[in-house]
Amino acid sequence: MIPHEALGQITEIARRNAERVDTEGVFPAEAVDALRSSDLLGLVLPEDVGGLGCGPMEFTEVLGELASACGSTAMIYLMHTVAAVTFADAPPPGMPDLLTGMAEGALLGTVAFSEKGSRSHFWAPVSSASANGSTVSVQADKSWVTSAGYADVYLVSTGSTSGSAGEVDLFAMSKGEAGMTVAGPWKGLGLRGNASSPMRIDSSIPVAHRLGDEGAGFGLMMDTGLPWFNLGNAAVSLGLSSAANTAAISHVSSARLEHQNEALSALPTIRAQIARMGISLTAQQAFLAHAARSVGDPDEATMLNVLAVKASANDAALEITDTAMRVCGGAAFSKHLPIERAFRDARAGSVMAPTADVLYDFYGKAVSGLPLF
Ligand SMILES: Cc1cc2nc3c(=O)[nH]c(=O)nc-3n(C[C@H](O)[C@H](O)[C@H](O)COP(=O)(O)OP(=O)(O)OC[C@H]3O[C@@H](n4cnc5c(N)ncnc54)[C@H](O)[C@@H]3O)c2cc1C
């Protein structure tokens, strides 16, 4: 069960700090500390490692709440959870305390998949890993790692030590590992508190930090990471949309054209725009709930739902936050309203891998009976 009281408190802390986090581009330390002190970092981890044992429905609900308060905090939470579920699926034998540490909030996790060489095609890392007895030497240029330098444990993809083309290995790497460095600052249009910096890895780590067998990484990425990431990323898009929608309705209902003695909502064009926003948001939320249920209780449509839900929510968020900006006029543009942050934060979803365009292509391939890769 979701610890609603704790979630409410964390959401409030995130909301209170969101503007400063965005303006100054700083990591949302207060909200992340509050997450660490709650049970929420273990929300979907199994109870036998100290988690709450919740499923995709609760996960998307929590992310939607966090995103409506602070997009950066929500994205940090999403990356932690994707790392956690992947570790839980194939716990690295050399890190026996990893899952309990993540569940109890001592270890914040993140995902280091995207690379300079293969860009958004995260399933095809060009980085290398070579085994030498019980150690593995990893060389990788990671292009964006959310919580870089702040996370305690990193889910790192590399080309497989098998040397076979297309095979991937996944490793758990701890903060402070020799040769693992944050390679630049993070300055984004939105999600400015994310610390999504590039990282350079040139490290030797125990082979026992690998998840599963040699070459098992691709399957773990697709079967475990992808469903949770796509659901969570969609939930962030809709949480940001919800915040923009609520703020826009509030503004057009209260801002007055005094010479006409009426609110902006008296204009039929404005009413039609806010109706479109609300209907789109409601439809997307219903689809997200449907997709989350189908990931929790898989059937033959689950993979299509997983592919569709992120692209669909990402693109809806672009439209909803754009409309919110439009109906609120210069008041939104000049930052008098908390809408332009949601507008900027919402630009990230569609370009986060798998990007919306890639997902449309995958969906088209899937329904046409073509292989995805
Ligand atoms: C805020 C933020 C946080 C991030 N955090 C992380 C993180 O924590 N971990 C991580 O691993 N990565 C992270 N990323 C990286 C992200 O997942 C993507 O890999 C990255 O945004 C892709 O950018 P790019 O310039 O390399 O895109 P490119 O790959 O260069 O894509 C450019 C355009 O081409 C399109 N395109 C590419 N291939 C295809 C195709 N086959 N079919 C159709 N269209 C295609 C894309 O959709 C896009 O529109 C983050 C990115 C952002 C913006």
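Here the structure is a predicted model, which means the values were calculated and not measured.

1. Brief notes about the site of the ligand
Taken together, 21 residues form the shell around the ligand, and within it Ser-114, Arg-119, Ser-120, Val-351 and Thr-355 come nearest. Phe-113 places a main-chain nitrogen or oxygen 2.9 Å from an oxygen atom of the ligand. The contact in question runs from an oxygen atom of the ligand to an N or O atom on the side chain of Ser-120, over 2.6 Å. Computed on the free molecule, the ligand has an accessible area of 980 Å², of which 74% lies beneath the protein chains in the complex. Every element with two or more residues in the shell around the ligand is listed here: strand S1 (109-112), strand S3 (135-145) and helix H11 (356-367). Considering only residue class, the shell around the ligand consists of 12 nonpolar, seven polar and two charged.

2. Some details on the side chain of Thr-321
As for its position among the elements, Thr-321 is in helix H8 (residues 302-327). Residues contacting Thr-321, with those up to four places away along its chain left out, are Leu-240, Ser-241, Ala-244, Ala-342, Phe-343, Ala-346 and Arg-347.

3. Considering the domain arrangement of the protein chain
Looking at the assigned domains, one finds that the protein chain contains domain 1 (4-103), domain 2 (109-213) and domain 3 (218-367). When each unit is reduced to the centre of its C-alpha atoms, the spacing between domain 1 and domain 3 is 21 Å. Contact with domain 1, which involves 25 residues of that partner, is made by 23 residues of domain 3. The interface formed by domain 1 and domain 3 includes one salt bridge. The partner of Arg-344 in a salt bridge is Asp-22, with the nearest N and O atoms 2.7 Å apart. Taken together, the links from domain 1 to domain 3 amount to two residue pairs in polar contact (both at pLDDT 80 or more). Only helix H1 (4-24), helix H3 (56-69) and helix H4 (71-89) provide two or more residues apiece to the side of domain 1 that touches domain 3. Grouping the constituent residues of the side of domain 1 that touches domain 3 by class yields 16 nonpolar, six polar and three charged.

4. Comments concerning the sheet that holds S3
The strand order S2-S3-S7-S6 describes an open sheet built from four strands, whose pairing is antiparallel. At either margin of the open sheet sits one strand with a lone partner, and together these are strand S2 (128-132) and strand S6 (180-182). Each strand of the sheet is rotated relative to its neighbour by a mean of 10°, with strand direction disregarded.

5. Observations concerning the packing of aromatic side chains
Tallied over the full model, the rule gives eight aromatic pairs. Pairing Phe-113 with Phe-122 gives two aromatic rings, centres 6.0 Å apart and planes at 15°, and the pair type is stacked. This pair shows no difference in class: Phe-113 is buried, exactly as Phe-122 is. Centre to centre, the rings of Phe-122 and Trp-123 are 5.4 Å apart; their planes meet at 75°, and the pair counts as edge-to-face. For the pair Phe-122 and Trp-123, a shared accessibility class is recorded, and that class is buried. Cluster of aromatic residues (ring-pair linked, three or more members): Phe-113, Phe-122, Trp-123, Phe-218, Phe-362 and Phe-373. Arg-347 extends its terminal NZ or CZ atom over the ring of Phe-343, reaching a point 3.9 Å from the ring centre.

What counts, and at which threshold
- Residues numbered from 1 in each chain as written.
- Predicted model: local features only at pLDDT ≥ 70, side-chain atom pairs only at ≥ 80, totals over all residues.
- Heavy atoms only, no water.
- Near = heavy atom within 4 Å.
- Polar contact = N/O pair within 3.5 Å; in protein donor to acceptor, adjacent residues only side chain to side chain.
- Areas by Shrake-Rupley, 256 points an atom, 1.4 Å probe, with all protein chains shown as cover.
- Helix = DSSP H or I, 4+ residues; strand = E, 2+ residues; numbered from the N terminus.
- Nonpolar A, V, L, I, M, F, W, Y, C, P; charged D, E, K, R; others polar.
- Contact = heavy atoms within 4.5 Å.
- Domains from an automatic or database assignment.
- Salt bridge = Lys/Arg side-chain N within 4 Å of Asp/Glu carboxyl O.
- Pairing = 2+ DSSP bridges.
- Axes fitted to C-alpha atoms, helices over the stretch in contact; angles between N-to-C directions.
- Phe/Tyr/Trp six-rings, centres within 6.5 Å; stacked < 30°, edge-to-face > 60°.
- Buried < 20%, exposed > 50% of the residue type's maximum accessible area, 1.4 Å probe, protein only.
- Lys NZ or Arg CZ within 6 Å of the ring centre and 35° of its normal.

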